[in-house]
Amino acid sequence: MSTRLILLGTAGGPTPKANRAPSAYALVVGDETFVIDAGNGVGQQLAKAKIGINSFRNVFLTHQHSDHSADIGTLALLAWATNPSKPLTLWGPPPLKAMLKHFQAFQALDIKTRIADEGRPPFESFVSVRELTKPGELLSENGVRVRATLNVHPPLKHSFAYRFDTPDRSIVFSGDTTYSKSVVELATGADVLVHEIMLPSALEPLIASEPNAKTLREHLHASHSTPEQVGRVATEAGVKTLVLSHFVPGGYPFLPDSVWHDAVRPHFSGKIIIGQDLLAL
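Okay, so let's go over this structure. Keep in mind that what you see is a predicted model, and the values were worked out from it rather than measured.

1. Some remarks on the overall build of the chain
Moving on, step 1. Along its length, the chain carries eleven helices and 14 strands.
Moving on, step 2. Relative to a compact globule of 281 residues, whose C-alpha radius of gyration would be 19 Å, the chain shows 18 Å and is just as compact.
Moving on, step 3. For the chain, with 281 residues in total, the buried portion stands at 52%.
Moving on, step 4. Counting only contacts in the chain whose residues sit at least 6 apart along the sequence, the fraction spanning at least 24 positions is 68%.

Given below as structure tokens:
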């Protein structure tokens, strides 16, 4: 059974970007797909990657920031409205249950119409929510084991990294985080680590003129990882391949791949891949 990783969206931050979609990933294990994060447009990115909207039964949300969660309800709605053959479970931190409840109310007319006019089953019978507040094992079935750990992404209390151990590979998603010992522990010995990255030297000119520059700068440095920190995590965990993603800044000015690679290389000697939307690994 082979495992494929598809980077659906590799941008960091909520501002729409021409060159990268918001955070989302797909892990395809045999005929089963796992979706990690659901930034705006994830349904379209799945279509571009030729991944069926009904091929997944589990969606994992790393944390409650809109560039990761904006389409969590929409993704469930699209799957429900496209002849689903199996129920869907959404995993993630609070208030995920409340979010789905409010989303269902927001789309009540569409849901009601499709049930009456198209013969769809009740939406609430299709999708369920598992809220996460603690680290631990989440799933272990069909040769796939999923574990979660809390990372460091203040001010959010519940922000997670995930590890997927499949029959042929182990893949870890850092989520949004600054250096995190718990992520190191989760990623130890993994084949692939997908880790966010922030390049302060490129970011500073973009935020210097913002009226909230001081507060924004403090948040970014407290909540995201510099190239040195990314390399440190990968090195301490002993991962084979480091995939850079959730680029901050990730839009204009468009930074060449070499800039990101060269920033991390002094801190990690293994294989480095610069993530691009729809890249399959």
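Having put the structure on the table, let's press on.
2. Some remarks on the pairing of strand β11 (residues 192-198)
Moving on, step 1. With seven of seven residues buried, β11 is to be regarded as a mostly interior element.
Moving on, step 2. In terms of strand pairing, β11 meets strand β12 (residues 241-248) through seven bridges, oriented parallel. Considered in β12, the bridge of Glu196 is made with Ser245.

3. So, the packing of helix α3 (residues 72-80) against helix α4 (residues 96-106)
Moving on, step 1. Following both chains from N to C, one finds α3 and α4 inclined at 55 degrees, their axes separated by 9 Å at the closest point. In terms of orientation, α3 lies oblique with respect to α4. Handedness of the crossing formed by α3 with α4: right-handed. Between α3, through Ile72, Gly73, Thr74 and Leu77, and α4, the contact on the second element is made entirely by Leu96, Met99 and Phe103.
Moving on, step 2. For the contact of α3 with α4, the residue count by class is five nonpolar, two polar and no charged.

4. Topic: the sheet that holds strand β4 (residues 56-60)
Moving on, step 1. Spatially, seven strands are ordered β6-β5-β4-β3-β2-β1-β14 in an open sheet, and the strand pairing comes out mixed. Where the open sheet ends on each side, the last strands, each with one partner, are β6 (127-131) and β14 (279-280).
Moving on, step 2. Two strands pair when backbone bridges link them, and strand β2 (residues 24-29) and strand β3 (residues 32-36) are joined in this way by five bridges, in the antiparallel orientation. Following the sheet pairing, Val28 is matched in β3 by Thr33.
Moving on, step 3. Relative to the sheet, α3 contacts β3, β4, β5 (88-92) and β6, its axis offset from that of β4 by approximately 175 degrees.
Moving on, step 4. Sheet strands touched by α4: β5 and β6. Its angle to β6, the strand with the most contacts, is close to 155 degrees.

5. Some points on the packing of aromatic side chains
Moving on, step 1. Summed over the entire model, instances satisfying the criterion amount to ten aromatic pairs.
Moving on, step 2. Judged by centre distance (5.3 Å) and plane angle (40 degrees), the rings of Tyr25 and Phe173 are tilted. Of this pair, Tyr25 sits in strand β2 while Phe173 is found in strand β10 (residues 170-173), placing the two residues 148 residues apart along the sequence.
Moving on, step 3. Given the relative accessible area of 6%, Tyr25 is considered buried.
Moving on, step 4. Aromatic pair Phe60 and Trp91: ring centres 5.6 Å apart, planes at 15 degrees, arrangement stacked. Here the residue Phe60 occupies a position in strand β4, and Trp91 occupies one in strand β5, the gap between them amounting to 31 residues.

Criteria and cut-off values
Residues numbered from 1 in each chain as written. Predicted model: local features only at pLDDT ≥ 70, side-chain atom pairs only at ≥ 80, totals over all residues. Heavy atoms only, no water. Helix = DSSP H or I, 4+ residues; strand = E, 2+ residues; numbered from the N terminus. Rg over C-alpha atoms; globule rule 2.2 N^0.38 Å. Buried < 20%, exposed > 50% of the residue type's maximum accessible area, 1.4 Å probe, protein only. Contact = heavy atoms within 4.5 Å. Pairing = 2+ DSSP bridges. Axes fitted to C-alpha atoms, helices over the stretch in contact; angles between N-to-C directions. Parallel < 35°, antiparallel > 145°, perpendicular 65-115°, else oblique. Left-handed = near helix turned anticlockwise from the far one by under 90°. Nonpolar A, V, L, I, M, F, W, Y, C, P; charged D, E, K, R; others polar. Phe/Tyr/Trp six-rings, centres within 6.5 Å; stacked < 30°, edge-to-face > 60°.

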